[in-house]
Structure formats: C-alpha cells, structure tokens
Amino acid sequence: MRKKIVAGNWKMNMDLTEGLKLAGSIDNYFKEKPLGKAGVILCTPFIHLASVSEILKHGKIALGAQNCASEASGAYTGEVSAWMVKSTGAEYVIIGHSERRTYYHEDDKLLNKKTLLAMNAGLKVIFCCGEVLSEREAKKHFIIVKRQLEEGLFSLTEEQMDNIIVAYEPVWAIGTGLTATPDQAQEMHQYIRTLVKEKYGNDCAKKLPILYGGSCKPSNAAEIFSKPDVDGGLIGGASLKKDDFVSIVEAL
Ligand code: PEP
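All of these numbers come straight from a predicted model, not from anything done at the bench. (Residues numbered from 1 in each chain as written. Predicted model: local features only at pLDDT ≥ 70, side-chain atom pairs only at ≥ 80, totals over all residues. Heavy atoms only, no water.)

### Quick look at the overall build of the protein
1) Next: Per the secondary structure count, the protein includes 11 helices and eight strands.
2) Next: Here the C-alpha radius of gyration of the protein, 17 Å, is about what a compact globule of 252 residues would show, namely 18 Å.
3) Next: The principal-axis extents of the C-alpha atoms in the protein amount to approximately 45 × 45 × 35 Å.
4) Next: The buried share of the protein, reckoned over its 252 residues, is 52%.
5) Next: Long-range contacts, defined as pairs at least 24 residues apart, comprise 72% of the intrachain contacts of the protein with a sequence gap of at least 6. (Helix = DSSP H or I, 4+ residues; strand = E, 2+ residues; numbered from the N terminus. Rg over C-alpha atoms; globule rule 2.2 N^0.38 Å. Buried < 20%, exposed > 50% of the residue type's maximum accessible area, 1.4 Å probe, protein only. Contact = heavy atoms within 4.5 Å.)

### Considering helix α1 (residues 16-32)
1) Next: The end-to-end C-alpha separation of α1 is 25 Å, in line with the 24 Å expected for 17 residues at 1.5 Å each.
2) Next: All buried positions along α1 are accounted for by Gly19, Leu22, Ala23, Gly24, Ile26, Asp27, Tyr29 and Phe30.
3) Next: The inward-facing, buried residues of α1 abut β2 (38-43), α2 (49-56) and α11 (242-251).
4) Next: Of the residues that open α1, the one with a side-chain oxygen 3.2 Å from the backbone nitrogen of threonine 17 is aspartate 15. (Expected span 1.5 Å × (residues − 1). Polar contact = N/O pair within 3.5 Å; in protein donor to acceptor, adjacent residues only side chain to side chain.)

### Here we look at the site of the ligand
1) Next: What surrounds the ligand is a group of 14 residues, the closest being Lys11, His97, Glu169, Gly175 and Ser215.
2) Next: For the ligand, an oxygen atom lies 2.6 Å from a polar atom in the side chain of lysine 11.
3) Next: Take glycine 236: an N or O atom from its main chain is 2.9 Å from an oxygen atom of the ligand.
4) Next: Considered on its own, the ligand offers 290 Å² of accessible surface; in the complex 96% of this is hidden by protein.
5) Next: Considering only residue class, the shell around the ligand consists of four nonpolar, eight polar and two charged. (Near = heavy atom within 4 Å. Areas by Shrake-Rupley, 256 points an atom, 1.4 Å probe, with all protein chains shown as cover. Nonpolar A, V, L, I, M, F, W, Y, C, P; charged D, E, K, R; others polar.)

### Focus on the pattern of salt bridges
1) Next: Per the stated rule, a full pass over the model turns up 18 salt bridges.
2) Next: Residues participating in the shared-partner salt-bridge network are Arg2, Lys4, Arg193, Asp229 and Asp231. (Salt bridge = Lys/Arg side-chain N within 4 Å of Asp/Glu carboxyl O.)

### Side note on the pairing of strand β3 (residues 62-65)
1) Next: Of the two faces of β3, the one holding Ala62 and Gly64 and the one holding Leu63 and Ala65 are both buried throughout.
2) Next: Bridge count between β2 and β3: three bridges; the pairing is parallel. If you follow isoleucine 41 over to β3, its bridge partner there is alanine 62.
3) Next: On the question of chirality, the crossover connecting β2 to the parallel β3 by way of α2 is right-handed.
4) Next: Of the pairings in the sheet, the one linking β3 to strand β4 (residues 92-95) comprises two bridges and is parallel in character. (Pairing = 2+ DSSP bridges. Right-handed = clockwise from strand over helix to strand, strands pointing away.)

### Some details on unusual backbone geometry
1) Next: Of note in the backbone geometry, lysine 11 takes a positive phi value of approximately 55 degrees without being a glycine.
2) Next: The topology assignment puts lysine 11 in the loop between β1 (4-9) and α1.
3) Next: We classify lysine 11 as buried; its relative accessible area is 19%.
4) Next: Phi is positive for methionine 14, close to 75 degrees, though the residue is something other than glycine.

### Considerations on the packing of helix α7 (residues 141-152) against helix α8 (residues 182-200)
1) Next: Relative to each other, α7 and α8 sit at 40 degrees, their axes nearing to 11 Å. The orientation of α7 relative to α8 falls into the category oblique. The interaxial crossing formed by α7 with α8 has right-handed handedness. On α8, the residues touching His141, Phe142, Val145, Lys146 and Leu149 of α7 are Glu187, Met188, Tyr191, Ile192 and Leu195.
2) Next: Broken down by class, the residue content of the contact of α7 with α8 amounts to seven nonpolar, one polar and two charged. (Axes fitted to C-alpha atoms, helices over the stretch in contact; angles between N-to-C directions. Parallel < 35°, antiparallel > 145°, perpendicular 65-115°, else oblique. Left-handed = near helix turned anticlockwise from the far one by under 90°.)

Following this line, the structure appears as structure tokens:
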C-alpha cells in the first residue's frame, strides 16, 4: 500500500547545462519504460528548478529542492523560500539533510520550522534523519533518530504527515562508500515506523514511505530495497549518472 520512491539528491553538482542534460536523459528513459508503482524525484540545486520543471512537465518524474529558507519572505539576502520553490513547479523539498545539519548548524527546532513552512507552501517534505559514526559506535543511534523525529517532525498533525517522506541516512554511510547492511537499515526503518505508530497510529505508520540513503548504488540497491520497511532510496553520488540512477530505480 505504500508508495515506493527513489529520489536523487544532486547536491551542489553540475552547472545548468549539465543538469538539464541529465534531467532530460532520465526523463526520456522513463517515457519509454513503465515505472509501475515507483515514484521518481529529482532534487536539484535551486538554480536548476524552473528549467528542469519545464523538462519534466509532461513526464512521470517529480521535482524537488534540497533546502528552503526558515522564514517565509522578506529581508533574508541569499535565501530561497518554500513558496519560491513551489512556484517553480517543484513538489518536494529535502529538509534536515546531514550536510545541512553539520555544515550549516541546522538544529531540530529550525528544521521543524522549515518543515512547517514547506508544508504551508504546499510542498511535500523528504525529512532526513540519521546518526554519525560515534553515535552508532556508542549504541546511541536509536536515541538520536528518535530525538530528530520527535523534535523535527512530531509537532505535525496526522493529516500533515501524509505529506512526509522520511529518509534514514546514517551519516557514516553518506558519500563514504560504506553502506548500512540491509539488516541495519531494516532495523532502523522498523524502529522509525514504530515511533510513528506510537505517535500517530497504525494507519499513518503503514502509509509512511521510509527511504534509505547512504552509498546506495546499482550493486547494493536491490538487496537493501528487499527489506520490508525500506520503501526506496535517497541517492546522492549515484544520482549524477543516468545509467546508475535508472538501474537503482529499476532495482526498486
Ligand atoms: C545523500 O546525500 O543523501 C546520499 C545518500 O549520498 P550518497 O548516496 O552519495 O551516499
């Protein structure tokens, strides 16, 4: 009953010309091939959004941003609001990626504010959570993820939760080549679903897509996606190459 999703996170890669070429080639590929129940989302840099939106307009692939401002509008030089993102044709935004938590010091309170603003703007949110290596080694990974969800997400109503996709991304696996084992991913995804069930009830927990992210590639995607609580992936590095990205979608 849950939607299966593969989302590509391009991060700060590719100029506009390169981005349009990649989006066009992925879009063309899936015009010919059935996507079945899988949803595909491309999360591009802000400057690509409006043009990629034109390319994806008549196809099956959705568009997302990788961030949005923590204020609705006004004198915030250099920021891009959730409403601006929405106005490009994007439907999704990633909030709480570990790179934003680490390099830009985005804490749970701020991420909660961004999530609410994004939803008010009509965007769906891919909400990222995950522990760093020292937290896993200290066996604190469940406590960390619980805190991130409780403080970042659990102020939402059950209705608002329909617009949420959770991405579990163990930080030690992002861009490192290290991947959580399928069992480690399943264990955390099941835990996340249990937390959501305790807070919002079984229906909400059953509907919630939970994606795995962290060095997911064509060679390991099928095994990770075979786990019952893994509903797809948030893909960084491998989303920059059309062949790798489409193989991951096909693994789903
Ligand atoms: C990510 O940045 O969300 C990610 C999962 O990156 P990678 O696939 O490169 O580890």
